[in-house]
Amino acid sequence: MDFPVYSPSASGNSTPAPVQPPTAALADIEDDEDVPIFSIERVQLQFQITSLAAMAVSNNILYLAVASGRILRIDLNNPQDIEDTELPKLKAPGTGNIKDIFLDPTGSHLLVTTTTAENFYLNLRANRAKQLSRMKGNVITSVAWNPTEPSSSTKEILVGTADGKVIETYIEPSEEFFKREERFSKLVWRTPGGVAVDGLYVELLPGKPDMRRLIATTGGRLWHWVSKIVRHAPGDYSPTFTKFFDDEESAVHVDYSPSARSLLSISPEDESFTDDRTFAWLNESGIFYGKLYTAPTTADLGTIIFQDSKLYPESKLPSSSSPISCMTLTKYHALILRDNQILAVNLLDNTIVFDERLPYSDKFLGLTSDVKNSTYWAYSSDSIYEVTVTNENRDIWRIYLSQNRFDEAQRLAKTPRERDAVAVANGEFLLEQQSYLEAANVLGKSSKPFESVAIQLMENKKTDALRRYLIVKLGGYKPSQLMQRTMLASWIVEVFMEKLNSLEDSMATKESEKPTEPEEKEKLNGVNGETNALFDKPKKKRAADNGVSADIKKVKEEFQDFVTRHKKDLDVKTTYDIISSHGRQEELLFYANSVNDYSFVLSYWVRLEKWTEALTVLRKQNEPDIYYKYSTVLLVNCPKETIDTWMRMPELQPRKLIPAILSYSLTVPTGDQNQAIRYLLYAINTLKSRDAAVHNTLISIYASDKSKDETPLLEYLQFHDIERCYDTDFALRLCIKHERVQSCIFIYSSMGLYEEAVDLALQHDNVELASVVADRPGDNASLRKKLWLRVAQKVINKEHGIKSAIEFLKRCELLKIEDLLPFFPDFVVIDDFKDEICAALEEYSRNIDQLRKEMDESAKTSETIRADINSLSTRFAIVEPGERCFICSYPLLSRQFYVFPCQHSFHGDCLITKVAEISNARVRRKITQLQLEAQKSGGGISDELDELVAAECILCGPHMINSIDEHFVDEKDKELAAEWEL
């Protein structure tokens, strides 16, 4: 038999087409205050239901149990598929009817119990129900499903019966015919007096895998256990609750009047619902409900839960002749069924938010809920209804607010207006409770007038709360609200400074109150016998001092954190003024560092003469102007570290550091290393500075050094002799001023002023240096001789021994004995240099002989040249009749021609043209001029033109040798060049 898909309809008209279930259909309704939270809609089925005994929904799987033994299963996600199952033993008449069904939260496992104590199991994947033989004879009244929610089997579950038994069983579906579904069935507990177990619920406790919480209802009693289960190895199918009930102390119960009406309900699961789940127990007096706390995981947990639980008396409901027959829980409400009336009671304030009586004549049988999907259903013997819930927590925040449960109210408030209302109320409540810091945190995010809160905190002298309020308020302003942010940030800095000064004043006061050393000794000696009390006072004072110190440290850390996060909101000048007005140097320095105001930080450390700290700050700066500004004071007071800092900054211009270097050089003590020289050498050698000012400064320092050693200066001058970047006149003046003789001589020499250099060397009796300078103009023999004569004069006048003077002067080959004679004294004895005179005369004789020999050779050469010239006049060449011009290849005898000794012959005009082509521009102009003159005179080739073109053969003379690197083929002649390609 096919069962068409059901569809909800407000009008009650049936339609053949399938539509969405009511919950999905209502999901698109706009969230509005006018839309009721609860409403009831009848589900219009396309088939008739009669004698409906029970109904259960879990995880969108709906089961309908007909009393006669039929089970209908509908997947609400795929409602067109409806499965119909018949219980095998209820087909025959008189075999009993279905009494109740129990469905696990996953919708995978269904237990069916009958009026004749027969029990059946139906799995979601099966289409045939199996009888539970081990459970036969027990009418199931409640089931506690395994909290791990398995789908392939039930694992360990607890089953409550009508005769007061709690049975642990393990059901696993099997396709084998003779195999039982239950792996075991074990009685684990029995109620006192055999009262029926109306409700069972088991859940895990966080962080305790071996612990379970069990809730049971039995007539007029509600039980709560927290105890351990027995864990078994995988594959060991044994009961786990066998020792669970042994510990009597773990059982806590609450009693009401015994009644046959007893029902347990647990609120649905909801991941977005962070609060603890709710339980409710329907008993004779009403509804007993509370939160299922998960801590502590001890036996006291049940006591705590029951102490915080409340009873909603049935008498609070509108008067009715019918008692409550069924009840189920939503997140915040209890749905109550009385006859054909459904009510919804808010469990937070016990108000009735929904009361509707259906006009139908049939009586409701019960309520059920889907704990996974938070859907709620009511059913009668032939009808199904869905209780739809729309925005259930819409007004809950107001209830929490009225109960001063501000955290819950803030969590449920949705709109900014609602959240602000909660914040204002929370803040005002905290102010009344004098919780000023907490109030500041809350009110800072609210719309409560700023001045009202600030004045109230100031009047109560709660500076810490005021500071916190201002910081929170600052965080609420947008970055574009510059003025507001700057004003608040400045005020916060002011409050920080006042707090720090107050704490330090307090500490100073306590320090001044400390007893002096004699007083301390007197107290320790036990004056007046009161020694015991005196030992505690110093400890208390030390503890108080430590507390104030900790407060100061904490406030400073808060200030530093605030400045770091909000430095962009602070006006630099205003902040400096505020901090300075309170005398807070440390905070002033921290702020300056935070905003990278290195100039201020440097000036601060310089004023305190903390040179190391100043240089540490300077190294963090990349702005050259800061280096220039503080260069003098830092170099004078901390030269080595300052130079190291400069050398780490290659972007600096050494020229701008010269004033500092000169000022420092004046203060360098005798014997100490001048650190400025190190930087100048770095600038010259590493930075390759060619700035004359830098080089001149280095020369100035070298020249003005108090040491007489000229080695560094000379090494510099020699190294830069080829490429001089310094001012030689300036360097010369400095060397003369500071009597740097060797350096002056070197500079004179480098300037080509050898006479001045030799004179200066001789002036200071430095003959050796004068000799070296005299040899320098090697290409100017006359000047060299002149210089050596000056040296000779100095040596002759200085040396007492003529021979030693003569030996020294032999170092210059240009000097002769006759050049030296004028320098000797008039009455010198010739015997002292007779050998030198004789050697000179012999040299002259050799020179005369050599000159005579050279003259004879020149005469012979002249005669040979004269003979060759005479032979040229009779020289001739033979030209064959077929001889051709080597340029144009035409017969040579056709016009005037030239014949060279090498037998190359050319036409005259061809040779002139070729010579003009290969000659330079000057020669070409000369040839053109001579040709024009010849044409005007009507004569032949002139002698001058003949000398130009016939000076050499163009094919074997110097021109051909010089053209060896030229191409054979002109690159412009591409066709001819292509013929030569390989």
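A few points on the structure. The model shown is predicted, which means the values in this text are computed figures rather than measured ones.

Here we come to the environment of glutamate 269. Topologically, glutamate 269 is positioned in the loop between strand 19 (263-266) and strand 20 (278-282). Residues glutamate 269 and proline 105 lie 164 residues apart in sequence; the distance between their C-alpha atoms is 9.7 Å. When near neighbours in sequence (up to four residues on either side) are disregarded, glutamate 269 contacts Glu149, Arg277, Val371, Lys372 and Ser374.

Moving on to the layout of surface pockets. Taken as a whole, the second largest pocket spans an internal volume of roughly 530 Å³. Taken together, 14 residues make up the lining of the second largest pocket; nearest its centre are Lys914, His959, Met960, Ser963 and Glu966. Of all elements in the fold, only helix 32 (908-918) and helix 35 (958-962) reach the threshold of two or more residues within the lining of the second largest pocket. In terms of residues, the lining of the second largest pocket owes the most to one element, helix 32, which gives three residues.

What follows is about the pairing of strand 24 (residues 333-338). Of all six residues in strand 24, six are buried; the element is thus mostly enclosed. Every second residue of strand 24 is oriented toward a common face, with His333, Leu335 and Leu337 on one face and Ala334, Ile336 and Arg338 on the other, all of them buried. As paired elements, strand 23 (residues 326-329) and strand 24 share four bridges and run antiparallel to each other. Its bridge partner being in strand 24, leucine 329 is matched across the sheet by alanine 334. Linkage of strand 23 to strand 24, two consecutive antiparallel strands, is achieved through a turn of three residues. Where strand 24 hands over to strand 25 (residues 341-346), the hairpin turn is made up of two residues, of which aspartate 339 adopts a positive phi near 55°.

Time to look at the pattern of salt bridges. When the charged atoms of two side chains lie near each other, side chains of opposite charge can form a pair. Tallying each qualifying case throughout the model produces 31 salt bridges. Across the pair arginine 221 and aspartate 255 runs a salt bridge whose closest N-O atoms are separated by 2.5 Å. Of this pair, arginine 221 sits in strand 17 (residues 221-228) while aspartate 255 sits in strand 18 (residues 251-255), placing them 34 residues apart in sequence. Taking the relative accessible area as the measure of exposure, arginine 221 reaches 24% and is therefore partly exposed. Salt-bridge contacts for aspartate 395 lead to arginine 394; the nearest nitrogen and oxygen are separated by 4.0 Å. Assessed through its relative accessible area of 28%, aspartate 395 is described here as partly exposed. Exposure remark for arginine 394: the relative accessible area of 9% places this residue in the buried category. One salt-bridge network, held together by shared partners, links Glu149, Glu269, Arg277 and Lys372.

Most of strand 4 (residues 61-66) is tucked away, with six of its six residues classed as buried. Along strand 4, one buried face is formed by Ile61, Tyr63 and Ala65 and the opposite face, lined by Leu62, Leu64 and Val66, is buried too. Alignment of strand 3 (residues 52-58) against strand 4, held across six bridges, turns out to be antiparallel. Along strand 4, the bridge assignment pairs valine 57 with leucine 62. In the sheet, strand 4 pairs with strand 5 (residues 70-75) via five bridges, with the strands oriented antiparallel. Across the sheet, the residue bridging to alanine 65 is isoleucine 71, located in strand 5.

A word on the sheet that holds strand 11 (residues 140-144). Strand order in the open sheet formed by four strands is 11-12-13-14, with antiparallel pairing between adjacent strands. Edge positions in the open sheet fall to strand 11 and strand 14 (182-190), since each of these has one partner strand only. Recorded for the sheet is a direction-independent mean angle of 25° between the axes of neighbouring strands. With seven bridges joining them, strand 13 (residues 165-171) and strand 14 adopt antiparallel strand pairing. Paired with isoleucine 171 across the strands is glutamate 182, a residue of strand 14.

So, how was this worked out
Residues numbered from 1 in each chain as written. Predicted model: local features only at pLDDT ≥ 70, side-chain atom pairs only at ≥ 80, totals over all residues. Heavy atoms only, no water. Helix = DSSP H or I, 4+ residues; strand = E, 2+ residues; numbered from the N terminus. Contact = heavy atoms within 4.5 Å. 1 Å grid on protein atoms, 1.4 Å probe; cavity = no way out; pocket = protein on both sides within 12 Å on 5 of 7 lines; lining within 4 Å. Points joined across faces, edges and corners; volume = space filled by probe spheres on them. Buried < 20%, exposed > 50% of the residue type's maximum accessible area, 1.4 Å probe, protein only. Pairing = 2+ DSSP bridges. Salt bridge = Lys/Arg side-chain N within 4 Å of Asp/Glu carboxyl O. Axes fitted to C-alpha atoms, helices over the stretch in contact; angles between N-to-C directions.

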